[in-house]
Amino acid sequence: MAGDQEEAERESPAPAPAAERVAAAVETVAAPGEFRNAYRRQLLALSRRIRLLGPFAEELRERRRPAGEEEERALATLADALEKAVELLKLGREGSRISLVFDRDRVMNIFQEVVAQLEQALHDFPYNELDISDEVKEQVELVHAQLKRAKERVDMPDDEFYNDLLSLYNKTYDPSAELAILERLSEKLHLMTITDLTQESLALHEMVASGGGQDPGEHIEKLSMLLKKIKDFVQTNNPEMGPPMASKIMDTSGDQKSVIVPDEFRCPISLELMKDPVIVATGQTYERSCIEKWLASGHHTCPTTQQRMANTTLTPNYVLRSLISQWCETNGIEAPKRSSQPNKPMPTCSSSERANIDALLSKLCSPDPEEQRSAAAELRLLAKRNAHNRLCIAEAGAIPLLLSLLSSSDLRTQEHAVTALLNLSIHEDNKASIMSSGAVPSVVHVLKNGSMEARENAAATLFSLSVVDEYKVTIGGTGAIPALVVLLSEGSQRGKKDAAAALFNLCIYQGNKGRAIRAGLVPLIMGLVTNPTGALMDEAMAILSILSSHQEGKAAIGAAEPVPALVELLGSGSPRNRENAAAVMLHLCSGEQQLVHLARAHECGIMVPLRELALNGTERGKRKAVQLLERMSRFVVQQQEEQESHSRLQAAAAQVLPQAPEQVQESEIPDQLESPASQYPTLL
């Protein structure tokens, strides 16, 4: 895509010595932190054993004689095992407590792998060669013995705990027992305070955000509903915490309505529905205005984690903003509008910079086409160079002048102007200015009528603007989608990629899905999916997944005979493509034509790749694969029952029908039969 942002070149640091890695991992585990979840006992035991290695790590760090090649390998093996343990303990501290219970088999497998890896690393360790003292060696051997015992037995979490959660998740519990179940869960999950509940909401949000813009799925929605049930129970039983939080929000008719906002959509600082969620250096998300006030007050730590932030960069959380918009649309609520940030300081251009930009803008207004073309080209290059230039050019008033050149009869001028707008749009603060200037119809005009390079850069501009959710509606209503579909069909590889990215962004909004389907997007996407070169496969499968959730999209996909290609992708595609293929198949196997698609999938041998995906896929892929396996299994059983029933009917009919007459010798047949027509049908 044109207008790429500059990238700072950094030299890769040399890898830390293995002994230093061992010491760093032990120090990380020794840092204070709580385990407030179903695995508290197991996590504490693992943490305690690693902390006992503290003196051992100190001796490794202080030794003067360098390790030989064999010793260095042993240290590296131990460092790998410890770093894996650190990741597990981090998951225990920061992961969703509810989700960890549901993932108990996977979590316990990780536990066993970590314990086995640590035990093996200590078993083979060359203590003598590294001059480890006898006292410390005895302590390490004690840890090794404990790990060996732990490896031989599996310490599973409480079964009642798991069954309680599962009954609420599947709604199979006795209603009269609901309060007792919620009380047990709130105690065992340590969800008893506002802080605990907020941290769990944030952990669930991180699971949504880690989906990369994909549909968070039914599983996350159910987990959020479980948390809401527990939260309502805790707040009802602890009045001092306040009632379940409801907010007054404007609905689409302009009236206010009281609604329960999902916790993951609330800012942890204000507890209000976020309008402009941004991610800080620690990975937490806040409302932009709230975290800006926090930083302006002199704070250097993250409000939620209390960690010191490495920088104050605020990155827009487009995934969460999209989810909030979808939730608002579903609930008939007016989507929150971002503030225009009037108090944000604008960059200061030097007098020479401003004079240069003003001179170029004067040339844009010149009646001389040559001057217009050269000025647009220079602005294009300036805007490409850095973020400071992008803001200075926009502040000087370039956007309306560049828009006026999009209708120029000179194709090169038009191309420079649309590319300059693309480069300006990369900066977050310029997007609103471009949209408020009414840019979209002019950009779509170029997308339809410009040179190929201009069309491709127009598509890239729409992609850049469409990351803002409220702009998806505007762009979709201007005829951009059919033009993007045409470019996807006939553009260069780069142009197709930008068109696909813009179409994916636009189709996140439900109203645009129908426009894309009616513009003929599905056959094009299916062509990319079955293309032997695999070009744009990732983009194609992402779009197919999002369109399959639309009724028209599901019908169009089903008409394209997609099952063989999807089954092949399930078996041999990339992790994300396998996940999307499972999502598409799941949608196809839940509609009017589900029996047709189930039968075709069974013919294509879907069960083997599905089982493999359920074991080794991404989290979303595993979830979709399990759901699809359940449907396939029910279908296969139903088919078998129908075949058995048919066989029984045939057997019963054979017993009722008269037996065929015995064969007779030719000499026994009379010369003339009586009334042959009454005994045998006439063959015509």
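Per chain, residues are indexed from 1 in the order of the written sequence. Note on the predicted model: pLDDT of at least 70 is required for a residue's local features to be given, and 80 or more for side-chain atom pairs to be given and counted; whole-chain, interface and lining totals, by contrast, use all residues. To obtain the side-chain values, all non-hydrogen atoms of the structure were included, while hydrogens and water were left out.

K.L.:
Describe the overall build of the protein, naming the residues involved and giving the relevant values.
P.N.:
What counts as a helix is a DSSP run of H or I of at least four residues, what counts as a strand is a run of E of at least two, and both are numbered from the N terminus. Helix and strand content of the protein: 34 helices and five strands. We call a residue buried when its accessible area falls under 20% of the maximum for its residue type, exposed when it is over 50%, and partly exposed in between, using a 1.4 Å probe and counting protein chains only. In the protein, buried positions account for 46% of the 684 residues. Taking all contacts inside the protein whose residues are at least 6 apart in sequence as the whole, residues at least 24 apart take part in 71%. Accessible area for the protein stands at about 34900 Å²; split by element, carbon and sulfur atoms hold 51% of it. Whether two residues touch is decided by their heavy atoms; if any such pair falls within 4.5 Å, the residues are in contact. Computed with a 1.4 Å probe, the accessible areas rest on the Shrake-Rupley method; for each residue, only the protein chains presented here act as cover.

K.L.:
Residues and numbers for the environment of Leu43, please.
P.N.:
By the element assignment, Leu43 lies in helix H2 (residues 40–51). The spacing of Leu43 and Arg93 is 50 residues in sequence and 9.2 Å in space, taken between C-alpha atoms. What Leu43 contacts, discounting residues up to four positions off in sequence, is Phe35, Asn37, Leu88, Leu89, Gly92 and Phe111.

K.L.:
If you had to explain the confidence of the model for the protein to someone new, which residues and values would you point to?
P.N.:
Here the protein averages 79 in pLDDT, while 83% of its residues score no lower than 70. Known as pLDDT, the predictor's per-residue confidence is scaled from 0 to 100. For the protein, helix H34 (residues 676–679) is the element with the lowest average pLDDT, namely 36, and helix H23 (residues 480–490) is the one with the highest, namely 95. Here residues 211–216 is a poorly scored stretch, pLDDT under 50, and it has 16 contacts once near neighbours within four places are set aside; other chains count. A low-confidence stretch, residues 340–347 (pLDDT under 50), is modelled with 10 contacts involving residues beyond four sequence positions or located in other chains.

K.L.:
Outline the pattern of salt bridges, listing residues and values.
P.N.:
Any two side chains of opposite charge can pair, so long as their charged atoms come close to each other. The salt bridge criterion pairs a side-chain nitrogen of Lys or Arg with a carboxyl oxygen of Asp or Glu, the two atoms within 4 Å. Summed over the entire model, instances satisfying the criterion amount to 23 salt bridges. Ionic pairing is found between Arg373 and Glu370, a salt bridge with its closest N-O pair at 2.5 Å. Here Arg373 pairs with Glu370, and both are found in helix H15 (residues 369–385), just three residues apart, close to one helical turn. Two residues, Glu579 and Arg576, come together in a salt bridge whose shortest N-O distance is 3.5 Å. Here Glu579 and its partner Arg576 are both found in helix H30 (residues 575–588), three residues apart, which amounts to about one turn of the helix. Sharing partners across several salt bridges, the network here consists of Arg380, Arg412, Glu415 and Glu453.

K.L.:
Just give me the short version of helix H14 (residues 351–364), but keep the residues and values in it.
P.N.:
An ideal rise of 1.5 Å per residue puts 20 Å on 14 residues; H14 measures up with 20 Å between its terminal C-alpha atoms. Within H14 the residues assigned to the buried category are Ile357, Leu360, Leu361 and Leu364. The buried side chains of H14 occupy one side of the element, clustering within an arc of 100° when seen end-on. Along H14, exposed side chains directed more than 90 degrees from the buried face belong to Ser351, Ser352 and Ser362. Residues of H14 that are buried make contact with H15, helix H16 (387–395) and helix H17 (398–404). The span you would expect from a helix comes to 1.5 Å times its residue count less one. The reported arc concerns the directions from the helix axis to the C-beta atoms and nothing else.

K.L.:
Which residues make up the packing of helix H29 (residues 563–572) against helix H32 (residues 607–616), and what values go with them?
P.N.:
When two helices pack together, you describe them by how their axes are tilted relative to each other and by the distance separating the axes. Only the stretch in contact is used when fitting a helix axis, every axis being a line fitted to C-alpha atoms; angles between N-to-C directions are given from 0 to 180 degrees. Where H29 meets H32, the axes come as close as 8 Å, and the angle between the chain directions of the two elements is 40°. If you check the angle between H29 and H32, you find them oblique. Relative to H32, the crossing made by H29 is left-handed. Listed contacts from H32 to Val567, Leu570 and Gly571 of H29 are Pro609, Leu610 and Leu613. Classifying every residue of the contact of H29 with H32 gives five nonpolar, one polar and no charged. Angle categories: roughly parallel below 35 degrees, roughly antiparallel above 145, roughly perpendicular from 65 to 115, and oblique for all the rest. By convention the crossing between two helices is left-handed if the near helix lies anticlockwise of the far one by an angle smaller than a right angle, and right-handed if it lies clockwise. Side-chain classes are defined by residue name, with Ala, Val, Leu, Ile, Met, Phe, Trp, Tyr, Cys and Pro counting as nonpolar, Asp, Glu, Lys and Arg as charged, and the others, Gly among them, as polar.

K.L.:
Describe the sheet that holds strand S3 (residues 277–279), listing the residues and the values that go with them.
P.N.:
Strand pairing in a sheet is mediated by backbone hydrogen bonds. Such pairs are either parallel or antiparallel. In this description, strands pair whenever DSSP reports at least two bridges between them. The strand order across the open sheet formed by three strands is S4-S3-S5, and the pairing between neighbours is antiparallel. Every interior strand has two partners, whereas the edge strands, strand S4 (285–287) and strand S5 (315–316), have only one. Alignment of S3 against S5, held across two bridges, turns out to be antiparallel. In the strand pairing of S5, Val278 is matched with Pro316. Its contacts with the sheet place helix H12 (residues 288–296) against S3, S4 and S5, and it is angled at close to 95° to S4.

K.L.:
Describe H30, and please don't skip the residues or the numbers.
P.N.:
For H30, spanning 14 residues, the distance from its first C-alpha to its last is 20 Å, which sits close to the expected 20 Å at 1.5 Å a residue. Turning to H30, its buried residues number three or more, namely Asn577, Arg578, Glu579, Asn580, Ala581, Ala582, Ala583, Val584, Met585, Leu586 and Leu588.

K.L.:
I'd like a rundown of the environment of Pro564, residues and numbers included.
P.N.:
Structurally, Pro564 is set in helix H29. In this structure Pro564 comes out as partly exposed when scored by relative accessible area, which is 32%. Those residues in contact with Pro564 that lie beyond four places of it in its chain are Arg600 and Cys604.

K.L.:
Describe the packing of H15 against helix H18 (residues 411–425), with residues and values.
P.N.:
For the pair H15 and H18, interaxial distance at closest approach is 8 Å and the crossing angle is 25°. Classified by the angle their axes make, H15 and H18 are roughly parallel. Like other packed secondary-structure pairs, H15 and H18 cross with a definite hand, here left-handed. Touching Pro369, Gln372, Arg373, Ala376, Ala377, Leu379, Arg380, Ala383 and Lys384 of H15 are Arg412, Thr413, Glu415, His416, Ala417, Thr419, Ala420, Asn423 and Leu424, all from H18.

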